[in-house]
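What the coordinates show
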Amino acid sequence: MSYSYQRIVVKIGSNVLTLSNGLPDLERIAHLVDQIAALKKRGLEVILISSGAVASGRSMITIPEKKDNVAARQLLASIGQIKLINTYLSYFEKHGILCSQVLVTKEDFRDRLHYLNIKNCLEILLKHRVVPVINENDVVSVTELMFTDNDELAGLVASMLEADALIILSNVDGIYTGDPNLPGSVVITDVRKGNEEIQSGISISKSSSGRGGMVTKLGMANKVASLGIPVHIANGKKDHILSLILDKKIEHTYFHPEKQVSGKKKWIAHAWESATGSITINQGAKEVLLSGQARSLLPVGITEVCSDFKKGDIIRIMDTSFKLIGVGIAEYGADKARERTGIKGHKALVHYNYFYLVD
């Protein structure tokens, strides 16, 4: 019995694609491409989120150890991205499959118009049976423009494309009850809403090649699952791992999905940190939003408009102590919201379909 997925996002981490010396593992990359080709023959659409540009750059040029970290990353990524995509191109061509390069930054997803432009681009690639190979543009992504890691990017793309599943390939078998290197630690095979306490046993160390770790994987996987998309975390160093996951033949960590939500709500869930405006609400409105009921935020519940925003912007919704409750898309601008603050009988500022509760 297999999972009945049609569209999957596969994220391959740096530690899967690199050797112990930090250089690209070309044999592993070729095998993963073979697996993706096999999945496409089964009728699946595959979107690939791939790390490895910096490692590929490292295989082509030697730089001084004292080189500034940001500058070194830009240098290696700029050179390595060409090497990486050409590696994928040559391997996919052996199967008669086209691939494409899509480089993005966090800024591309903050604006709804840019977000939809990227979505449309990816949809047209999939329509023509092309495998999009997506990576963060490390040449221009520095400081606040950077994703936490490619796990965050993978979650955003999976949500954007309404994927049936997200598969994250790491260099371990999944999320463990403790340090994977210690005796007694076992893989947690099922994660459901309410058992997030597993985080207490996760190693906080980051990968040697990438920027992320299991803590960020857990947070991202929980978010994506809460939006209705199942998530698998498994060992990308194992042969035939993708088919083994889909055919339910290998032990790994599976995050059970909750109820599906709208595409706009999925965007809000990932883009809310870029909220441009903020308001505070009274206790009554707070209780309604926290109740889980399908209730919109009316102006009568607003106590203050704290910063300006326009119609269509994502805004922060806080209590009177300025504690963040959630975020949502504004149905009108800050000027109208100020005029209607605390007054009954006006249109909702945030419709319940476009409200996201921030945990």
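The sections below set out a description of the structure shown in this document. (Residues numbered from 1 in each chain as written. Predicted model: local features only at pLDDT ≥ 70, side-chain atom pairs only at ≥ 80, totals over all residues. Heavy atoms only, no water.)

Remarks on the nonpolar core
- F109, L122, I134, V157, L166 and F255 are the most contacted members of the largest nonpolar core, which totals 52 residues.
- When residues no more than four places from it in sequence are discounted, the contact partners of L122 are V102, P132, I134, V157, M160 and L161.
- In terms of nonpolar packing, the next biggest core, distinct from the first, is built from 36 residues, V16, A30, I85 and I241 among them. (Core = buried A, V, L, I, M, F, W, Y, C linked by side-chain atoms within 4.5 Å. Buried < 20%, exposed > 50% of the residue type's maximum accessible area, 1.4 Å probe, protein only. Contact = heavy atoms within 4.5 Å.)

Quick word on the packing of aromatic side chains
- Enumeration over the complete set of coordinates arrives at four aromatic pairs.
- Summarising the aromatic geometry, the rings of F109 and Y115 are spaced 6.3 Å apart at their centres and angled 75° between planes, so their arrangement reads as edge-to-face.
- Each residue in the set Y3, Y5 and Y254 is aromatic and connected to the rest through ring pairs, giving one cluster.
- It is K248 that lies over the ring of Y3; its NZ or CZ is 4.6 Å from the centre.
- In this structure, R340 is placed above the aromatic ring of Y332, and the distance from its NZ or CZ to the ring centre is 4.6 Å. (Phe/Tyr/Trp six-rings, centres within 6.5 Å; stacked < 30°, edge-to-face > 60°. Lys NZ or Arg CZ within 6 Å of the ring centre and 35° of its normal.)

Let's talk about helix α4 (residues 69-93)
- Between its terminal C-alpha atoms α4 stretches 35 Å, which fits the 36 Å expected from 25 residues at 1.5 Å a residue.
- G80 marks the point of greatest bend in α4, at about 35°. (Helix = DSSP H or I, 4+ residues; strand = E, 2+ residues; numbered from the N terminus. Expected span 1.5 Å × (residues − 1). Bend = angle between axes of the 7 residues up to and from the residue.)

A look at the pattern of salt bridges
- Tallied over the entire structure, the rule returns 15 salt bridges.
- Between R7 and E123 there is a salt bridge, with the nearest N and O atoms lying 3.1 Å from each other. Residue R7 is found in strand β1 (residues 7-12), and its partner E123 is found in helix α6 (residues 112-127); the two are separated by 116 residues along the sequence.
- On the basis of relative accessible area, R7 is assigned to the buried category, the value being 14%.
- Taking the shortest distance from any N to any O, the salt bridge between K286 and D319 comes out at 3.0 Å. Residue K286 is located in helix α11 (residues 283-290), and its partner D319 is located in the loop between β11 (314-318) and β12 (324-329); the two are separated by 33 residues in the primary sequence.
- K286 gets classed as buried once you look at its relative accessible area, which sits at 17%.
- Owing to a relative accessible area of 7%, D319 belongs among the buried residues under this scheme.
- A single network of salt bridges, built from pairs that share partners, joins R7, E45 and E123. (Salt bridge = Lys/Arg side-chain N within 4 Å of Asp/Glu carboxyl O.)

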